[in-house]
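Here's the letter readout for the chains.
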Amino acid sequence: MRYQDAVALIKRYDINFVEGSVVRTVDEALKVAKYPVVLKIISDEILHKSDQGCVKLDVKDADSLRKAYSEIMSNAGNAKVDGVLVQSMAKPGLEMIVGGRRDEQFGPVILFGLGGIFVEVFKDFSLRVCPIDRDDALEMITEIKAYPLFKGVRGGKPADIEAIADVLQKVSKLLYENEQINEMDINPVIVYGKGYCAVDARVLP
Amino acid sequence: MNVDVLFNPNSVAIIGASRDPGKIGHVLVRNSIEGGFRGRVYPINPKCSEILDLKCYPSVKDVEGEIDLAVIAIPAKFVPDALKECGEKGVKGAIVISGGFSEVGNVELENELREVCRKYDIACLGPNCMGVINPLTRVDSVFIPTYKMGRPKLGTVSFISQSGAIGGAVLDLMARQGFGMSKFVSYGNGAVLDETDMLRYVADDDKTRIIVLYIEGVRRGREFFETLKEVTKKKPVVVLKGGKTAGGAAATKSHTGSLAGNAAVYEAVFKQCNATEARNLDQIFDFSKLFESQPFCSGERVGIITNGGGLAVIATDSVEENGLKLAELSEESKRRISENVPAYVNIKNPLDLSGDAGADRFGVAVHSMLEDPDIDAILVGVLFQTENIDSRIVSILVEASNLKKKPILVVCPGGEYTEVHSRMLENCGVPTYTSSAHAINALRKLVDYSKFVNKR
């Protein structure tokens, strides 16, 4: 599914997604940018965008944007590019992944874990069959080993657990109601002391 | 469909009955006689006139009386026709022992079997299965002679097994360990009745208190999920999923896809349904014997009594590793125990009664802890190797356990002398373990399930 369509679908379920537009030229990018911004390539052929240098964070002004734009286009090489995403820079917070998959026996399942590389390296995630209720969502959050991070350690502020539970229930509803979805990642979702913001998503039909 | 007829038939026809002692069709007839089946038995075989002194009929249609259940052990290709005859005769249930269907790629023949059963409304188990045992009515379609595989005594655990081989091994172990069983069913390919149907049946069966489930996969995932979720509200379900390592490696493009493989999804299903997942065969026994014999307990404070300091130390480690708590003895318990034990016994939890302790000292300690409001469950570590421990401790522990006030688990590592006593305890409903790690892990599962039951 195209990135724009994935985001539109996610937004339909009242999930906060960071503001952004997909553009096709550097001039368009300059027009929509409200600095600082993030530039990301949109291409089905590039699975790990950051690994390939196709993501530029914290672009602060027009000059850096021009430079960043041409760099990511050249790093994309011969891959088929659908556009470039110009996204507001999300505030830093705790990164998590919320994902889903359609199991051939049990139907849609929802996954929650600490975002970024941690979920892969430590296999620290929780899983449930959809749909889930608030209790299920809270269990999913407290079940992972990284849960103390969400409660706040060493003076760190506690994360908005209710907001996470809310996102999980919304994604569960989305997965349950959209049978065409086979796999899905919203990664990362950044959670704050209050509220959260989804930053990137991939939906595979 | 009348599933109950599989477990409570008044008459059984054995299609493929044989005079040859090496044939399954012979073992089935023999087992129904030796097992003391309460109803009528009709061997079916056009080539014999009698088997083991029972009159043999050419076809079910030649039997004058009604037939409730047919056990079928003939080559696969003849099975659909035999079922058709059963349908015409009005047979309500069938157990197809014969293999040679979808498990070897013969899907069409299995579809044919299914259609015949649907047409005549036959409740059918199998094909490729061992069928049922009900120790109450003495129905027994397991084609293994009794000298090779023991039959469990009558009790409250029902065991549903996809696999016949695992089923047989577990039954044999259950019989050996003095487990009481309500129903056994091996459903094989599950062409007509599958795990979800059988789960529903034992859930509604008022003689079943604990359900043990062995599956390698499920046929109707969503229905299985919804059913399991409902069943655990009524009874604990201990489940072992075989084949968890394979199949999870399917090619996927997302993080979620690669993490949430088949095994992870099954784990999620069990957790979400509040079923108790066993990771291996040993845990099936560890968990279900505790669930079966001891009261539910949602408290986490464990009292430990032993006659060996080392055992107390290891047991304490197990308690902490499993997220349970070491209880504090109440003043009343301290007083009561100290009045009845020598001065050199240190009155604290874990309570090491010292190497010269006999049954009396254990009795005082166990009863004090049973009365103690600050203790939820009791682990008794008995070293039968010590000089003052003998058979007398068995009656002390059985008596305490029979009060059903708090879970009592006995840990007794040892050889033959220990094993004799451990079996005595087990037969009297006291769960025993060879290590505190296994015992406390089982207690953790009991506490988790009890909390779920309490919350509702």
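The shown structure was predicted, so the numbers you read here are calculated from the model rather than taken from an experiment.

S.K.: Kindly report on the overall build of chain B, identifying the contributing residues and their values.
M.R.: Across its full length, chain B holds 15 helices and 20 strands. Taking the principal axes of the C-alpha coordinates as reference, chain B spans close to 80 × 60 × 35 Å. Buried residues in chain B amount to 51% of all 456 residues. Considering only residue pairs separated by 6 or more positions, chain B has 74% of its internal contacts joining residues 24 or more positions apart.

S.K.: Summarise the sheet that holds strand S3 (residues 55-59) of chain A; cite the residues concerned and give the values.
M.R.: Residues and elements named next belong to chain A. Strands sit in the order S1-S4-S2-S3 across an open sheet of 4 strands; the sheet is antiparallel. The open sheet has two edge strands with one neighbour each: strand S1 (20-23) and S3. Averaged over all pairs of adjacent strands, the angle between strand axes in this sheet comes to 20°, irrespective of strand direction. Helix H3 (residues 62-75) contacts strand S2 (37-42), S3 and strand S4 (83-88) of the sheet and is inclined by roughly 170° relative to S3.

S.K.: Let's hear about the domain arrangement of chain A: which residues, and what values?
M.R.: Split into domains, chain A comes out as domain 1 (19-88) and domain 2 (94-204). Relative to domain 2 of chain A, the C-alpha centre of domain 1 of chain A lies at a distance of 27 Å.

S.K.: Explain the nonpolar core to me, using residue names and the numbers behind them.
M.R.: Core analysis: the largest hydrophobic core is formed by 208 residues, its most contacted members being Leu 168 of chain A together with Ala 70, Val 71 and Ile 72 of chain B. The two domains that each donate at least three residues to this core are domain 1 (19-88) and domain 2 (94-204) of chain A. With residues up to four places along the chain from it excluded, the contact list for Leu 168 of chain A reads Val 98, Ile 110, Phe 112, Ile 132, Ala 137 and Met 140 of chain A.

S.K.: Give a detailed account of the confidence of the model for chain A, specifying residues and quantitative values.
M.R.: Model confidence for chain A is summarised by a mean pLDDT of 91, while 100% of its residues fall at 70 or above. When pLDDT is averaged over each element of chain A, helix H7 (residues 161-177) of chain A comes out on top at 96 and helix H4 (residues 118-122) of chain A at the bottom at 79.

S.K.: How would you explain helix H3 (residues 107-120) of chain B if you had to name every residue and give the values?
M.R.: Residues and elements named next belong to chain B. Taking 1.5 Å per residue as the helical rise, H3 with its 14 residues ought to reach 20 Å, and the 20 Å between its terminal C-alpha atoms agrees with that figure. Within H3, the full set of buried residues consists of Glu 110, Leu 113, Val 116 and Cys 117. Mapping the buried residues of H3 onto a view down its axis gives an arc of 120°, with all of them on the same face. Turned more than 90 degrees away from the buried face of H3 sit Val 107, Glu 108 and Lys 119, all of them exposed. Considering only its buried residues, H3 is in contact with helix H2 (79-89), strand S6 (93-96) and strand S7 (123-125). Phi turns positive one or two residues past the end of H3, at Asp 121, with a value near 55°.

S.K.: Just give me the short version of the packing of helix H12 (residues 359-371) of chain B against helix H13 (residues 392-402) of chain B, but keep the residues and values in it.
M.R.: Packed helices, taken two at a time, are described by the angle their axes make and the gap between the axes. Residue and element names in this part refer to chain B. Orientation of H12 relative to H13, taken along the N-to-C sense of each, is 10°, at an axis distance of 9 Å. In this view, H12 runs roughly parallel relative to H13, as classed from their interaxial angle. Between H12, through Ala 359, Phe 362, Gly 363, Val 366, His 367 and Leu 370, and H13, the contact on the second element is made entirely by Arg 392, Ile 393, Ile 396 and Ala 400. Among the residues making up the contact of H12 with H13, the classes are represented as 7 nonpolar, 2 polar and 1 charged.

S.K.: Would you mind going over the interface of chain A and chain B in detail, with residue names and values included?
M.R.: With 25 residues of chain A at the interface, the matching set in chain B holds 17 residues. Where the side of chain A that touches chain B is concerned, the elements lending two or more residues are strand S5 (94-103), strand S6 (107-114), H4, strand S7 (125-129), strand S8 (183-191) and strand S10 (201-204) of chain A. Looking at the side of chain A that touches chain B residue by residue, the classes come out as 11 nonpolar, 5 polar and 9 charged.

Definitions and limits used
- Position numbers for residues count from 1 along each chain, tracking the sequence in the order it is written.
- Both sets of labels track the order of writing: A upward for chains, 1 upward for ligands.
- Confidence filtering applies because this is a predicted model: local features only for residues at pLDDT of at least 70, side-chain atom pairs given and counted only at 80 or more, and all residues used for totals across whole chains, interfaces and linings.
- A run of H or I in DSSP counts as a helix once it spans at least four residues, and a run of E counts as a strand once it spans at least two, with each numbered from the N terminus.
- Remark: C-beta atoms are placed from the backbone, and a residue is labelled buried if 20 or more other C-beta atoms sit within 10 Å of its own, exposed if 12 or fewer do, or partly exposed between those counts.
- We call two residues in contact whenever the C-beta atoms placed from their backbones are within 7 Å.
- Here, a strand pair is defined by DSSP locating no fewer than two bridges between the strands.
- In this description, a line fitted to the C-alpha atoms serves as the axis of each element, helices being fitted only across the stretch in contact, and the angle between N-to-C directions of two axes falls anywhere from 0 to 180 degrees.
- As annotated, the domain borders come from an automatic or database domain assignment.
- What we call a nonpolar core is a set of buried Ala, Val, Leu, Ile, Met, Phe, Trp, Tyr and Cys residues whose membership is set by joining through C-beta atoms within 7 Å.
- Values of pLDDT, which run from 0 to 100, indicate the predictor's confidence residue by residue.
- Helices are assigned an expected span. That span is 1.5 Å times one less than the residue count.
- Of all possible arcs, the one meant is that of the directions from the helix axis to the C-beta atoms.
- Any angle that is under 35 degrees is reported as roughly parallel, and any over 145 degrees as roughly antiparallel; angles of 65 to 115 degrees are reported as roughly perpendicular and all others as oblique.
- Here the nonpolar group is Ala, Val, Leu, Ile, Met, Phe, Trp, Tyr, Cys and Pro; Asp, Glu, Lys and Arg are the charged ones; every other residue, Gly included, is treated as polar.

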